[in-house]
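Fold and geometry: a report
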Amino acid sequence: MQDESLREQLLEQSVELVRAIYVGPDGIARGKAFRPDSLAEILQSGIGLTQAQASVNVFDHLPPESRFQPVGEVRIRPDVNTFQVLPYLPGHARMLSDLETIDGQPWELCPRNLLKTFLNRLADEGMVIRAAFENEFTIFKNVNGEWQPLDQLNCFSSAAMDLASPYILPIITALEQQGVMVEKYYPEAGHGQHEIPVRHQAGLQAADQQVVFKETVRGTALANDFRVSFMPKADPASAGNGCHIHFSLWDSQDVSNLFYDAAGEYGLSQTALHFMAGILKHLPALMAFTAPTTNSYKRFVERCWSSCYVCWGPDNREATVRAASGFKGQEAATVNLEFKPSDPTCNPYLALSALICAGLDGIQQQADPGKPLLTDPTLLSPRERQTRGMTRYPTDLASALTALEQNEVLRAGFGESRISDYITMKRAEIQMIDTLGKDAEQQAYLFRF
Ligand code: GLU
Ligand code: MG
């Protein structure tokens, strides 16, 4: 978008504040807002931000062992291509942003820039990734001053649709007003749990769309006097909130799906199998990015359809990677892989970067994902699982961080300092939750993402 047409929109739509939003390594969308008069200045020089934000966790806590301290500055640089007037909040607009050094270079710790570098690596191989983040979230209504899940009705039930429709329709309208294409809607299995799958997008837009999705769902809820939570296990007694990542690789013209091969088993190409093998090989290290909170690990309960064991299978919803069947007559366009051990607390730029990093390694090594699993992995005996190399996921974030610390491919791909900064930040978060006790996790994650 040209600066001039942006200025016109600000005026026409009576925008009073423009938010420059970035997502920090802790997964929280943060930013600073500015008055429209400052637009030209901010597009030229950005907005000041302390470097320490790279190490700040969900509690806004800067670990003393972080290499960042109160000295040192970067710039939040809004990307004009992401400009949106917020349909759910009159007078406000948003731009997603990169983090740059004060002389305008990409900052080494900017998550959005990291994804750009992985997209460039894919482009060097003549490939583009298409992805859709498939969020589940819990709707809360206010009952006498307390926030309670909206319903306890059934998965996919029309009764739950009736009940939730005044909550869901404003969200769908607001998403579509910002160009997010809503594909479906359905109530999910958890109490108050609902899901609005959206159309896949190419590369950076896929991760940007995930930020827009969560911002919009949360903001629309607040504007309509309800709340939503993206916490992985918002209600310990019912199904968790996943954010499965559907993805496929396309040729550099973005016209042909490289994961599809009509002659391949389940319509999968060798490229799809190698890429998937890389992902399975680098699990659980990459879960440190896709399931990045202490609460994330409470979601991985056997037979809760969240997946628990490292394996893959065609339309197997208990597998790490589900090879999603193509739709009749549109197989070439719709065959894709669905990665299940991710949830909506992930930073989408880091999560997608981690998947690409692992998947590219799989392609380079021509890795083999092993035999597909055609049953529920939890029904196999421990011995059978062991024979097939189907290890259990880490049961806590600390173990995933240890796996990340030991993973050479992710360390090389992300850069040593980014990985060690991330681990320092996350370990401090774990320690705070442990120290603060019983309700700390709920407080940390229920309404912050
Ligand atoms: N709620 C499940 C999860 O935690 C997913 C259910 C499904 O959509 O298959 O991932
Ligand atoms: Mg679901």
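Here goes a summary of the coordinates provided. Not measured: the values here are computed from a predicted model.

1. Examining unusual backbone geometry
That bond from Leu283 to Pro284 is cis: its omega, 5 degrees, falls within 30 degrees of zero. Here Asp60, not a glycine, exhibits a phi torsion of approximately 60 degrees, which is positive. Considering the arrangement of structural elements, one finds Asp60 in the loop between strand S3 (47-50) and strand S4 (73-78). With a phi angle near 65 degrees, Phe156 is a residue other than glycine that sits in the positive phi range. With respect to the element layout, Phe156 can be found in the loop between strand S8 (146-149) and helix H4 (158-177).

2. Notes on the pattern of salt bridges
Charged atoms that come close allow side chains of opposite charge to pair. Summed over all chains, the structure comprises 23 salt bridges. Across the pair Asp421 and Arg67 runs a salt bridge, and its minimum N-O distance is 2.8 Å. Here the residue Asp421 occupies a position in helix H13 (residues 416-436), and Arg67 occupies one in the loop between S3 and S4, the gap between them amounting to 354 residues. A residue is classified by how much of its surface remains accessible, and Arg67, at 44% relative accessible area, is partly exposed. Asp315 serves as the salt-bridge partner of Arg322, at 2.7 Å between the closest nitrogen and oxygen. Judged by its relative accessible area of 37%, Asp315 is partly exposed. Connected through shared salt-bridge partners, Asp79, Asp98, Arg112, Lys116 and Asp208 make up one network.

3. Topic: the site of ligand 1
Taken together, Glu136, Glu188, Gly240, Gly242, His244, Arg299, Cys304, Trp305, Ser306 and Lys340 form the complete shell of residues around ligand 1. One of the side-chain N or O atoms of Glu188 is found 3.1 Å from an oxygen atom in ligand 1. Contact between ligand 1 and Arg299: an oxygen atom at 2.8 Å from a side-chain N or O atom of the residue. Here ligand 1 has 300 Å² of accessible area as a free molecule, and 92% of this is covered by the chains. Cavity membership is defined here by more than half of the atoms lying within 2 Å of grid points; on that basis ligand 1 lies in the largest pocket.

4. Examining empty space enclosed by the protein
Summed over the entire model, instances satisfying the criterion amount to 5 cavities of 30 Å³ or more. Its boundaries defined by the atoms lining it, the largest cavity holds a volume of some 80 Å³. Every residue along the wall of the largest cavity is listed here: Pro25, Ala54, Leu109, Pro111, Leu350, Arg418, Asp421 and Tyr422. If one sorts the elements of the lining of the largest cavity by residue count, H13 sits on top with 3 residues. Across the lining of the largest cavity, the residue classes tally to 6 nonpolar, no polar and 2 charged. Looking at the second largest cavity, its volume works out to about 50 Å³. Every residue along the wall of the second largest cavity is listed here: Tyr22, Gly24, Pro25, Leu49, Gln53, Ala54, Leu99, Trp107 and Leu109. Across the lining of the second largest cavity, the residue classes break down as 7 nonpolar, 2 polar and no charged.

5. Describing the pairing of S3
Side-chain alternation along S3 places Ile47 and Leu49 on a buried face and Gly48 and Thr50 on a face that remains uncovered. Bridge count between S3 and S4: 4 bridges; the pairing is antiparallel. Among the inter-strand pairings, Leu49 is bridged to a residue of S4, identified as Val74.

6. Some words on the nonpolar core
Within the largest apolar cluster, 108 residues are counted, with the highest numbers of intra-cluster contacts made by Ile196, Phe247 and Phe414. When residues of this core are assigned to their parent elements, the largest contribution, 10 residues, is made by helix H9 (residues 348-365). If we ignore the near neighbours within four places in the chain, the residues touching Phe414 are Leu114, Phe118, Phe289, Leu350, Ser353, Ala354, Cys357 and Ile419. Counting residues in hydrophobic clusters, the runner-up holds 26 residues, among them Leu6, Val74, Ile76 and Trp107.

7. With respect to the coordination of the magnesium ion (ligand 2)
Six octahedral donors at a metal ideally form angles of 90 or 180 degrees, and four tetrahedral donors ideally form angles of 109.5 degrees. Protein coordination at the magnesium ion (ligand 2): the donors are Glu136 (OE), Glu188 (OE) and Glu195 (OE), at 2.1 to 2.2 Å from the metal. Counting residues between consecutive donors of the magnesium ion (ligand 2) along the chain gives the motif E-x51-E-x6-E. Note that Glu136 is positioned in strand S7 (residues 127-143) and Glu188 in the loop between strand S9 (186-187) and strand S10 (193-195), a separation of 52 residues in sequence. Take Glu136 and Glu188: they sit in the same class, and that class is buried.

8. Here's the deal with helix H6 (residues 270-281)
Here H6 contains 12 residues, and its C-alpha end-to-end distance of 16 Å stays within 8% of the 16 Å for a straight helix at 1.5 Å per residue. For H6, a buried count of 9 out of 12 residues is recorded, marking the element as mostly surrounded by other parts of the structure. Along H6, the positions that sit buried rather than exposed are Ala272, Leu273, His274, Phe275, Met276, Ala277, Gly278, Ile279 and Leu280.

9. So, the pairing of strand S2 (residues 29-34)
Of the strand pairs in this sheet, strand S1 (residues 17-23) and S2 are connected by 6 bridges, and their pairing is antiparallel. Residue pairing in the sheet places Ile21 in a bridge with Gly31 of S2.

10. Details of the layout of surface pockets
Reported here for the largest pocket is a volume of approximately 1,200 Å³. Along the wall of the largest pocket there are 46 residues; nearest its centre are Glu134, Tyr186, His246, Arg317 and Arg322. Looking at the lining of the largest pocket, the elements that each hand over two or more residues are S7, S10, strand S13 (243-251), strand S15 (319-324), helix H8 (331-334) and strand S16 (336-339). Among the residues making up the lining of the largest pocket, the classes are represented as 17 nonpolar, 14 polar and 15 charged. Taken as a whole, the second largest pocket spans an internal volume of roughly 290 Å³. Considering the residues around the second largest pocket, the lining is formed by 15 residues, among which Asn81, Thr82, Gln84, Gln205 and Asp208 are closest to the centre. Here the lining of the second largest pocket gets 5 residues from one element, more than from any other, and that element is helix H5 (residues 204-223). When its residues are assigned to classes, the lining of the second largest pocket shows 4 nonpolar, 8 polar and 3 charged.

Parameters at a glance
- Residues numbered from 1 in each chain as written.
- Chains lettered and ligands numbered in written order.
- Predicted model: local features only at pLDDT ≥ 70, side-chain atom pairs only at ≥ 80, totals over all residues.
- Heavy atoms only, no water.
- Helix = DSSP H or I, 4+ residues; strand = E, 2+ residues; numbered from the N terminus.
- Salt bridge = Lys/Arg side-chain N within 4 Å of Asp/Glu carboxyl O.
- Buried < 20%, exposed > 50% of the residue type's maximum accessible area, 1.4 Å probe, protein only.
- Near = heavy atom within 4 Å.
- Polar contact = N/O pair within 3.5 Å; in protein donor to acceptor, adjacent residues only side chain to side chain.
- Areas by Shrake-Rupley, 256 points an atom, 1.4 Å probe, with all protein chains shown as cover.
- 1 Å grid on protein atoms, 1.4 Å probe; cavity = no way out; pocket = protein on both sides within 12 Å on 5 of 7 lines; lining within 4 Å.
- Sits in = over half its atoms within 2 Å of the grid points.
- Points joined across faces, edges and corners; volume = space filled by probe spheres on them.
- Nonpolar A, V, L, I, M, F, W, Y, C, P; charged D, E, K, R; others polar.
- Pairing = 2+ DSSP bridges.
- Core = buried A, V, L, I, M, F, W, Y, C linked by side-chain atoms within 4.5 Å.
- Contact = heavy atoms within 4.5 Å.
- Donors = N, O, S within 2.8 Å, 3.2 Å for Na, K, Ca; no water.
- Expected span 1.5 Å × (residues − 1).

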